[in-house]
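Each chain, written out:
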Amino acid sequence: MDDERLRPSERLRRTRDFQRVLQQGVKLVTPLFVLYVLPSAEPRSRLGIAVSRRVGKAVVRNRAKRLVREVFRRHKSLLPWPCDVVVIVRQAAVQASYRDYVRQYQTALARYRRGQDKQREERKSEASLSCRPLPPGSTGRGDRL
RNA sequence: AAAGGAGGCCAGAUGAUCGCUCCUCGCUUUAGGCGAGGGGAGGAAAGUCCGGGCUCCACAGAGCAGGGUGCUGGAUAACGUCCAGUGGGGGUGACCCCAAGGAAAGUGCCACAGAAAACAGACCGCCGGGUCGGCGCGGAGAACGGCAAGCCGCUCCGCUUCCCCACCCGGUAAGGGUGAAACGGUGCGGUAAGAGCGCACCAGUCCCGAUGGUGACAUCGGGAGCUCGGCAAACCCCACCCGGAGCAAGACCAAAUAGGGAGGCGUUCCCGCUUCCGUGGGAGGAAGUGGGAUAAGGGUUGCUCGCCCGAGGCCUCCGGGUUGGUCGCUAGAGGCACGCGGCAACGCGUGUCCCAGAGGAAUGAUCAUCGCCGCCCGCCUGCGGGCGGAACAGAACCCGGCUUACGGCCUGCUUUGCCC
RNA sequence: GCCCCCGUAGCUCAGCCCGGAUAGAGCAACGGCCUCCGGAGCCGUGGGUCGGACGUUCAAAUCGUCUCGGGGGUA
């Protein structure tokens, strides 16, 4: 998975998709942005970005989106399986550099993987279930708490 | 050198790696993918303050209302923009600024202060005249008071030329603390006092004429004592302009809901054709279809008229579905160069170039080198090394302006200071 | 894209249409009275670039233009 491209099919474009990820995904808060991660049935991970007008002017918002897109594109291997990811950029990200973005993204996804591994082990001990590491939406909703 | 003021230009460059998007070509193909080549933010892309193009609105027609503009001439597709001028104003100057029609069409407002704030009027003042006036003067009286017969206060009568005080009548606007603004200014004459009442000069206004200019206007001459305050970014008047909406305009394709519920209004007439019924043939009737006139109602984004649409139709409310794709979408009032016309804005001609088209929304990230600026160190005063910095800001249908934000460079200009 | 509203004391608002000089009201703040103390009540006090700039006017919170910030409607 050393693919560093970002095709149109790897982007979230529908309001429905955004709503689903925001409601059912795992929320990961960092100083620069808020990540929502939800495992997906699609062959590839998809990215959606939201930047509020309160963050800054058009130039500032566009730059934030580009940096987030770059981080996602360069670090796809951090996701253990295909996921839909929504990134909500916070105001503190205005002054941050590309390196800051990378650092925050890495730590956030490390936290995500640790949480998922723990869940999987619990589930394995309860009952030997499917080998496919693709949790359905119902467990995803439970992950938020 | 320092301040100032005008105009123009640029918006770091090159390369590598990893990406995004569009176009062309080729291969492959189920959407799609791969390869090659090429294009990919701005001077303001911004604010949305104006003006157009373009598209649609069963036509855009008239009047009213509403909005806008406001010296002149030109430029332009158009403008509230630009250019050239006129008239004002500011600055020592280079230069800059001005919503700059009408206040002798009308209405309204001008706080406080002040006599008075707008066809003038008259508080003080000045002047003239008047009075059972006061005051003054003269005479008389004796009741009352002071008191040494007299005299004074007092009472009555008469006079009053002048001066002073009060009041009344009239003249006048020279002077008057005020105020943002006070009914032309100065001087002389004149007068009871005064006043454009008269005269001289000056300032302004209006009228007439001449000359120059397309014109705004300028200059000159003559006349009228005409002196008529300001505010129309107060209402308003005059002249000119404005149909409405906006690319989410609009066109097509696909999908979905299923002709959903409640209330109200109207459910008419004429003509042609076809079929059927009827009949001796007709008249007539029913259904379908095409056209016309209307009704209810609607459109004409404020109102009125007018116009237009309009027969299982229209209006209002509630409920439900879709909220995907393609086109519009970038070749244009286009850029650049040269020539010509014009003071200029700009126009014309020729040649040449094709120069962003996204759609949860592309144009990016990292690194290196060079160039620029600042600081520090070495130091042969030119170079080397290190660190840091590089503004405002991101196309969303397209143009022309305006305004606002902002880094730097260049050109010639003005004033002041110093040196030669 | 189109359209609208707001900005005045620490806070919530008047005043603006139709200009006139001390810009008001309530709450809050501060001081005093009252009370053993506090609250409530009563009396008093301070606090304003009227979002900013330019203009019109004798005079601007008010009128005009530009601008900044905040909020909303609509397809």
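Structure's up top.
Presented here is a report on the structure given in the accompanying data block. Since the structure is predicted, the reported quantities are computational estimates derived from the model, not experimental observations.

### With respect to the overall build of chain A
Then step 1. Regarding its fold elements, chain A presents four helices and four strands.
Then step 2. In chain A, the succession of α and β elements from N to C terminus is α-β-β-β-α-β-α-α.
Then step 3. In chain A, buried positions account for 38% of the 145 residues.
Then step 4. Of the roughly 9300 Å² of accessible surface on chain A, 48% is carried by carbon and sulfur atoms.

### Details of the sheet that holds strand β3 (residues 46–51)
Then step 1. One open sheet accounts for four strands, arranged β1-β2-β4-β3; its pairing is mixed. This sheet does not close on itself; its edge strands, each paired only once, are β1 (26–29) and β3. Along the sheet, successive strands turn relative to each other by an average axial angle of 20 degrees, direction set aside.
Then step 2. The pairing of strand β2 (residues 33–39) with strand β4 (residues 83–89) spans seven bridges and is antiparallel. Pairing of F33 across the sheet is with V89, part of β4.
Then step 3. Sheet strands in contact with helix α1 (residues 15–24) are β1, β2, β3 and β4, and its direction is about 85 degrees off that of β4.
Then step 4. On the sheet, helix α2 (residues 58–74) packs against β3 and β4 and is oriented at approximately 155 degrees with respect to β3.

### Considering the pairing of β1
Then step 1. Burial of the side chains of β1 is restricted to one face: V26 and L28 are buried, whereas none of K27 and V29 on the reverse face is.
Then step 2. In this structure, β1 lies alongside β2, joined through four bridges in antiparallel fashion. Among the inter-strand pairings, V29 is bridged to a residue of β2, identified as V34.
Then step 3. Hairpin geometry of β1 and β2 is characterised by an intervening segment of three residues between the two adjacent antiparallel strands.

### A look at the protein's contact with RNA strand B
Then step 1. Among the 22 residues in the neighbourhood of RNA strand B, the closest are listed as R5, L12, T15, R63 and R66.
Then step 2. Protein-adjacent atoms of RNA strand B, using a 4 Å cutoff, are sugar or phosphate at a proportion of 76%.
Then step 3. Interatomic distance of 3.5 Å between a backbone N/O atom of L6 and a phosphate oxygen of RNA strand B.
Then step 4. Between R74 and RNA strand B, the recorded distance is 3.4 Å, taken from a side-chain N or O atom to a base oxygen.
Then step 5. Broken down by secondary-structure element, the contributors of at least two residues to the surface near RNA strand B are α1, α2 and α3 (98–126).
Then step 6. Per element, the largest residue contribution to the surface near RNA strand B is 10 residues, and it comes from α2.
Then step 7. Partitioning the surface near RNA strand B into residue classes produces eight nonpolar, two polar and 12 charged.

The rules behind these values
Residues numbered from 1 in each chain as written. Chains lettered and ligands numbered in written order. Predicted model: local features only at pLDDT ≥ 70, side-chain atom pairs only at ≥ 80, totals over all residues. Heavy atoms only, no water. Helix = DSSP H or I, 4+ residues; strand = E, 2+ residues; numbered from the N terminus. Buried < 20%, exposed > 50% of the residue type's maximum accessible area, 1.4 Å probe, protein only. Areas by Shrake-Rupley, 256 points an atom, 1.4 Å probe, with all protein chains shown as cover. Pairing = 2+ DSSP bridges. Axes fitted to C-alpha atoms, helices over the stretch in contact; angles between N-to-C directions. Contact = heavy atoms within 4.5 Å. Near = heavy atom within 4 Å. Polar contact = N/O pair within 3.5 Å; in protein donor to acceptor, adjacent residues only side chain to side chain. Nonpolar A, V, L, I, M, F, W, Y, C, P; charged D, E, K, R; others polar.

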